[in-house]
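Here is how the chains run, residue by residue.
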Amino acid sequence: EVQLVESGGGLVQPGGSLRLSCVASGFTVSSNYMSWVRQAPGKGLEWVSLIYSGGSTFYADSVKGRFTISRDIPKNTLYLQMNSLRAEDTAVYYCARDNTDMVTLDYWGQGILVTVSS
Amino acid sequence: HSALTQPASVSGSLGQSITISCTGMITDVGGRHFVSWFQHHPGKAPKLLIFEVSNRPSGLSNRFSGSKSGNTASLTISGLQAEDEADYYCNSYSTSDTLARFYVFGTGTKVTVL
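Values in this document were obtained by computation on a predicted structure and should not be read as measured data. (Residues numbered from 1 in each chain as written. Chains lettered and ligands numbered in written order. Predicted model: local features only at pLDDT ≥ 70, side-chain atom pairs only at ≥ 80, totals over all residues. Heavy atoms only, no water.)

**Some points on the overall build of chain A**
Condition: A run of DSSP states H or I qualifies as a helix once it reaches four residues; a run of E qualifies as a strand once it reaches two. Both are numbered from the N-terminal end. Computation of the radius of gyration draws on C-alpha atoms, with the globule rule given as 2.2 Å multiplied by the number of residues to the power 0.38. For every residue, the accessible area (1.4 Å probe, protein chains only) is compared with the maximum for its type, and the residue is labelled buried under 20%, exposed over 50%, or partly exposed between those bounds. Note on contacts: a residue pair is in contact if any heavy atoms of the two residues lie within 4.5 Å. All accessibility values rest on the Shrake-Rupley procedure with a 1.4 Å probe; residue burial counts only the protein chains present in the view. Charge counting treats Lys and Arg as positive and Asp and Glu as negative, with His and both chain ends excluded. For charged residues, the charge sits on one atom: NZ in Lys, CZ in Arg, CG in Asp, CD in Glu.
Counting secondary structure elements, chain A contains zero helices and 11 strands. Traced from its N-terminal end to its C-terminal end, chain A shows the element sequence β-β-β-β-β-β-β-β-β-β-β. Against the compact-globule benchmark of 13 Å for 118 residues, chain A has a radius of gyration of 13 Å, which places it among compact chains. Along the three orthogonal principal directions, the C-alpha set of chain A runs to about 40 × 25 × 25 Å. For chain A, the proportion of its 118 residues judged to be buried stands at 51%. Within chain A, contacts between residues at least 6 apart in sequence are counted, and of these 52% link residues at least 24 apart. If you sum the accessible surface of chain A, you get close to 5200 Å²; carbon and sulfur atoms cover 46% of it. Counting 9 positive and 10 negative side-chain charges, chain A places the centres of these two groups 7 Å from one another.

Written as structure tokens, this is what we have:
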């Protein structure tokens, strides 16, 4: 059974950093494209970042230069390193498997809350 | 890239059918066959309902169906049930000027079952 479990969220001050983790089971992270998506309070879903199975990475303009997506192959875990955090980064962050055959996000985690506030 | 446009809310009675629209541009919805729909109950993981405009994942109820015309995609829920009350999002795959791959999501639609 495919499962994704996020962790690492919490309260952080503006300008601070946080690293989110997403542990996968039921499939191999490094063999798949993986994405991060977020939802700010009262807002819709926003795609944040993507990593190809080959390692290429892509980012939304709103986080480019501040966020870094990566993975740990032995731990079968996806990460999102978030630096220079801003109030507008406050959101629930979801990791999702990007199914290249279906060209869609077919499995999602339950999300983790990140709050940026002083 | 702007978010795809969805109605803020749609309501229907038990057993009825409703349709949610998702309007984009030729660079996303109109020019590609990669439109998906997701159901999201607050506090839970979003669930894939439709991919590639009209395909359902294995095991998903056939009460959910998708279509597209021009720059507008649509999700129809037939035989509305109480558990269908949720937020629904469309999304489309797109590429930037540098061929960077990304997804653009719809603004979201709250479905209320009367």
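**Notes on the interface of chain B and chain A**
Heads up, the rule is: Buried area is calculated as the accessible area (1.4 Å probe) missing from two parts once they are joined, with the contributions of both summed. Between Lys or Arg on one side and Asp or Glu on the other, a salt bridge is scored when a side-chain nitrogen of the former is within 4 Å of a carboxyl oxygen of the latter. Pairs of N or O atoms are called polar contacts if they sit within 3.5 Å, as long as, within protein, a hydrogen donor faces a hydrogen acceptor (for residues adjacent in sequence, only side-chain-to-side-chain pairs).
At the interface, 20 residues of chain B touch 22 residues of chain A. Carbon and sulfur atoms make up 65% of the surface buried where chain B meets chain A, a total of about 1800 Å² over both sides. Ranking the residues of chain B by area buried against chain A places R101, Y103 and F105 of chain B at the top, with a combined share of 36%. Scanning the region where chain B abuts chain A turns up zero salt bridges. For the pair chain B and chain A, the number of links is five residue pairs in polar contact (both at pLDDT 80 or more). For the side of chain B that touches chain A, the elements supplying multiple residues, two or more each, are β3 (35-40), β7 (86-95) and β8 (101-105) of chain B.

**What to know about the side chain of Q39 of chain A**
One can find Q39 of chain A in strand β4 (residues 33-39). There is a polar contact of 2.9 Å between the side chain of Q39 of chain A and the side chain of Y89 of chain B. In this structure, Q39 of chain A is in contact with G44, L45, A91, V92 and Y94 of chain A together with H40 and Y89 of chain B, ignoring residues within four places of it in sequence.

**Some words on the pairing of strand β9 (residues 91-99) of chain A**
Residue and element names in this part refer to chain A. What counts here: At least two bridges found by DSSP between two strands are what make those strands a pair.
Most of β9 sits out of view: eight of its nine residues are buried. Inspection of the sheet shows β9 paired to strand β10 (residues 104-108) by four bridges, in the antiparallel sense. Residue pairing for β10: N99 is matched across the bridge by T104. Following β9, the chain reverses through four residues before pairing antiparallel with β10; V103 in that reversal takes a positive phi of roughly 50°.

Such coordinate-based values are descriptive only and should not be taken to indicate function.
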